[in-house]
Amino acid sequence: MHELSLATSILDVAAAQLAAAGRTRLLRVEVAVGELAAVLPDNLAFCFEVLAEDRPALAGAHLDVQVRPLMVRCRDCGGEAHPPRPVMRCPACGSSRVEVSSGQELEIVALEVE
Amino acid sequence: MSRIVVAEPVLKANDLVAARTRGLLHDAGVFSFNMMSSPGSGKTSLLVRVLEELRADYRILVLVGDIQTENDARRLRQTGVEAIQIVTGGTCHLEAPLVQRHLAGRDLSELDLLVIENVGNLVCPAGYDLGEDCKVVALSVTEGDDKPEKYPGIFLRAQAVVLTKTDLLPYVPFDPAVAERHIRDLSPDVPIFPVSTLRGDGIGAFTGWIRGRISALPRAR
């Protein structure tokens with residue numbers, strides 16, 4: 001997708017949080033990317049690290065991308081599971097009354113700062 | 001060293017603006033949908049037909065996003081409906097602030113229906129909430145019946161799917177049953193509307209769905 005603009009948004013949030021916490025240096029950012037979010041983890045990390053170089057308090061920071069698999073929760077059997085393909089069907093009971101419980105997110109989880 | 005828990009969407013700024021737009025549209029009693037598809041699947045031609053059918057009964061505004069040119073807005077305006085072109089200048093999808101800017105200062109209570117035609121793209125538009133009620137995805141029969149399987153993100157979020165250019169079915173190796181199976185794998189209960197914009201087949205079923213959604217909304221408060 002837009003790894004460059006997403007990386008910019010992540011850095012903006014990190015810079016604001018850093019300032020709000022009265023800290024001076026960002027070490028690491030953890031983000032969670034759903035398997036269906038259409039984001040390439042390596043590409044995002046590369047863009048993040050290149051863009052961080054231009055910002056003194058952020059230079060050298062690393063981006064850790066946790067890929068979250070697609071998970072569906074079944075409204076019939078109550079189970080939660082990872083379907084082998086992106087299909088909205090419960091792998092346990094076969095019901096299609098399921099909802100996505102993760103796998104679409106694009107979230108900043110936490111920062112490590114100094 | 002210390003850890004700060006953030007737990008915020010990367011697109012939080014977009015999502016906040018979208019939520020504000022959604023609130024304004026709901027307060028004004030406006031139904032809105034975000035029309036998405038790959039380039040050339042016939043979104044604009046479909047919308048021209050839809051506007052021709054609905055313009056006598058509803059007050060409609062169309063926002064149409066493209067990387068360049070006013071061409072689509074010009075085509076849509078020929079129906080007599082107001083259409084505003086959003087030229088993104090390179091961005092391959094619409095974002096909530098762009099939509100908000102084009103609605104700012106308008107009296108939304110003068111509208112019943114807002115149609116947002118996104119930039120042709122099956123990947124990026126899916127990730128950006130614009131503040132719409134529904135995402136509608138068009139898939140043309142010339143694209144291949146496995147498109148939903150290849151682009152699950154957008155079909156997963158679709159609340160209606162329009163299968164366009166069905167008049168070409170005799171000439172292309174597209175199996176509507178296969179396409180439907182792939183769509184249902186991702187969105188089991190989604191309504192699917194086969195249409196031929198050229199011949200007018202199926203347009204009434206799609207506009208009937210839109211009419212139903214408009215009348216299901218609480219009127220302006």
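Above this text sits the structure in question.
Not measured: the values here are computed from a predicted model.

> Outline the packing of aromatic side chains, listing residues and values.
Residues and elements named next belong to chain B. In this structure the tally under the stated criterion is six aromatic pairs over all chains. A ring pair is formed by Phe31 and Trp209, whose centres lie 6.2 Å apart and whose planes are at 75°; its orientation type is edge-to-face. One end of the pair, Phe31, is in strand E2 (residues 31-36); the other, Trp209, is in helix H8 (residues 203-216), and 178 residues separate them in sequence. Pair check on accessibility: Phe31 and Trp209 agree, each one buried. Seen in terms of ring centroids, Phe193 and Trp209 are 6.2 Å apart; in terms of plane orientation they differ by 55°. Their pairing is tilted. Residue Phe193 is located in strand E8 (residues 192-194), and its partner Trp209 is located in helix H8; the two are separated by 16 residues in the primary sequence.

> Give a description of the sheet that holds strand E4 (residues 80-81) of chain A that names residues and reports values.
Residue and element names in this part refer to chain A. What the three strands build is an open sheet, ordered E4-E3-E5; its pairing is antiparallel. Each edge of the open sheet carries a strand with a single partner, namely E4 and strand E5 (98-102). Where strand E3 (residues 71-74) lies against E4, two bridges are found, and the strand directions are antiparallel. Its bridge partner lying in E4, Arg73 is registered against Glu80.

Reading the values: the criteria
- Position numbers for residues start from 1 in each chain and track the written sequence from start to end.
- Chains and ligands are labelled sequentially in the order written, the chains with letters from A and the ligands with numbers from 1.
- Since the coordinates come from a predicted model, pLDDT governs what is reported: local features require at least 70, and pairs of side-chain atoms require 80 or more to be given and counted, while whole-chain, interface and lining totals use all residues.
- Note that the side-chain values use all heavy atoms of the structure and ignore hydrogens as well as water.
- The aromatic pairing rule takes the rings of Phe, Tyr and Trp, using the six-membered ring of Trp, and pairs them if the centres are within 6.5 Å, calling planes under 30 degrees apart stacked, those over 60 edge-to-face and the rest tilted.
- Numbering of helices and strands runs from the N terminus, with a helix taken as a DSSP run of H or I at least four residues long and a strand as a DSSP run of E at least two residues long.
- Note on exposure labels: buried denotes an accessible area under 20% of the residue type's maximum, exposed denotes more than 50%, and partly exposed covers the range between, all computed with a 1.4 Å probe on protein chains only.
- For two strands to be treated as a pair, DSSP must find at least two bridges joining them.

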